[in-house]
Amino acid sequence: MPDAVFVEEPAGESWASVEARAALDDRGEVVRSSSFGFARGPVWLRVALPPTRVPGVLEVAYPTLDRVDVWVGGDHWRVGDRQPFAERPIAHPTYAFPVAPGERVALVRAQSAGALAVPIRHWTRAAFERHAATMPLGLGFFYGFLLALALYNAFLAVSLRSRAYAYYAIWLGALVLSQAGFAGHTGMWLWPAWPWAINALPTVFLCISAGSGNLFLLAMLDLHRAAPRSAKVIHGLALAFYAAGLGLLVAYDVVVPVVLALGIADIATLAVVLVAAVRRRQRAAYFLAFGALCFLPWYGVFALAAQGLIPMGFWVRHGLKVGTCLEALILAFALADRVRILERAKLAAQRALSRGLLVAQDDERRRVACELHDGVGQSLTALSAVLDGEPGERARECVEEVRRVAHELHPDRLDRLGLRAACERVVEETLDRAGLEYEHELSNIDDRVAPPVALHVYRVLQEALTNVVRHAEASWARVTLGREDRWVVLRVEDDGRGLGDGPRGLGLSSMEARARASEGRIVIGAGAAGGTVVALFVPTWEAA
């Protein structure tokens, strides 16, 4: 900043430039910081311009000033965020004024209802134009990155019907518009002819962003369930921010202090809520706390500079942009992590439902099998004992058929013999009855498979053998059962016609459901020499 002296204009007075010059000569103080605190009266500065023989530019690099008057030589300009953008002598997001060669002094009057800072820089005209030409590159990356992130999450909010994504998109979009407004870019590019929008909308968007951020946190931490009282406070603050945003459009100067008080209360409340959530070990709280740590320190530095406690330097002006990018990225990761957790919970619920349905189905089969065996089977046995000739023979055939159906409904041999022997029996019975050549290699892994999983393995074997006999048109089959690493693996292979391109039947779906219920997986594909291979992998009892 060039050498300068300043003097404050007393409240209730309105100096002309002549009076201000006299006051500066009489009691002007050396400017040691470009920040003059919050909500102060007008400040007059006399700026010493460096000697130069080329045209220059005087820049007041604080776009949120309500009014800026500048006198250089015989020229006088009046600009500010309550003035139309077209009145600025140089089209630039900040306030820039032409300086003729040889001018040595500039008189500046600055006024603001908020933080009052007057960072002044003197440029040669050529250097200023180079600066103005390169500035959009960095801004394009900043705004483009954040707006793309906001639009992407808005799309996800619609497609997934997720409130959390919607709140995030609104929070980020409003935050970008707020920062763009405070940097002077929305006034230059979006609404240059509307002074009220240039002045009020940055703070309005800040209120929208704060309210949506609160609702985002509410959804991410599930506070309505985890901390109902905190949820009510956060929800109330969100509504207060939205109401303040509306109030800014009606009475800006009156509502600005209210917004400041809400911001302080909100930061304190969010800190308490996040600490409590971290202590509850909520996974989302770690992301939110880390994001806040990336953003709030820069916000605090900016607040200190606004109070005049530290200089308004480069990193103070641009640190919020860095913090905003980091926080937006971290919260995007938080959303992705939340979706992944919800998908896992959904998959676990589906597996639990499938497992419950299979258990209920097997229980019902067991009940029906017992009724067939103990009721119908015994009645037919008694009947065959009193019938002679062909009727008696038919009755005995019916008894055998009932027993076979009962065994298929519920393999009691699995309870009596164990998994290996039961599998061996079903392989021999099924393939011998079909007249197929076969070989089997069944290891004794009964102590490595939990009883509920053993039933699923047996049922998958039954279904696979049924497919070989009924659909594969095979002449040979091979069955293996054994342990591979931490898996128990069942393989059924045939030399038939393969799967083909037809629709999947209920049998394949049933096998897949039993694989999921066993916390395992099933692979169905073509064999090395044609035909089909069904491979079921279930975890050993230790892995389960």
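Further up the page is the structure itself.
Residues numbered from 1 in each chain as written. Predicted model: local features only at pLDDT ≥ 70, side-chain atom pairs only at ≥ 80, totals over all residues. Heavy atoms only, no water.

A. Representation of the side chain of Asp 66. Residue position: Asp 66 is located in the loop between β5 (56–60) and β6 (67–72). Those residues in contact with Asp 66, other than ones at most four positions away along the chain, are Val 79, Gly 80, Asp 81, Arg 82, Gln 111, Ser 112, Ala 113 and Asn 199. (Helix = DSSP H or I, 4+ residues; strand = E, 2+ residues; numbered from the N terminus. Contact = heavy atoms within 4.5 Å.)

B. Examining the pairing of strand β14 (residues 487–494) more closely. By the criterion of burial, β14 is predominantly enclosed, with six of the eight residues buried. Summarising the sheet, strand β13 (residues 476–484) and β14 pair through eight bridges and their orientation is antiparallel. Bridge pairing links Arg 478 to Glu 493 in β14. Where β13 hands over to β14, the hairpin turn is made up of two residues, of which Asp 485 adopts a positive phi near 55°. Taken together, the seven bridges between β14 and strand β16 (residues 532–539) define a ladder with antiparallel strand orientation. In the sheet register, Arg 491 faces β16, and the bridge partner there is Ala 535. (Buried < 20%, exposed > 50% of the residue type's maximum accessible area, 1.4 Å probe, protein only. Pairing = 2+ DSSP bridges.)

C. Seen up close, the sheet that holds strand β11 (residues 120–124). Here we have three strands laid out as an open sheet, ordered β8-β5-β11, and antiparallel in their pairing. Of all strands in the sheet, those with a lone pairing partner are β8 (95–99) and β11, marking the two edges. Direction aside, the axes of adjacent strands within the sheet are offset by 25° on average. Bridging between β5 and β8 involves five bridges; their strand directions are antiparallel. Across the sheet, residue Gly 56 finds its bridge partner in β8, namely Val 99. Contacting β5, β8 and β11, helix α2 (residues 125–160) runs over the sheet at an angle of about 105° to β11. (Axes fitted to C-alpha atoms, helices over the stretch in contact; angles between N-to-C directions.)

D. Examining the pattern of salt bridges more closely. Throughout the structure, instances matching the rule amount to 17 salt bridges. Notably, a salt bridge pairs Arg 125 with Glu 129, separated by 3.4 Å at the nearest N-O pair. Residue Arg 125 and its partner Glu 129 are both found in helix α2; the two are separated by four residues, about one turn of the helix. One salt bridge in this structure joins Glu 439 and Arg 478, with 2.9 Å as the shortest N-O distance. Residue Glu 439 is located in strand β12 (residues 437–442), and its partner Arg 478 is located in strand β13; the two are separated by 39 residues in the primary sequence. (Salt bridge = Lys/Arg side-chain N within 4 Å of Asp/Glu carboxyl O.)

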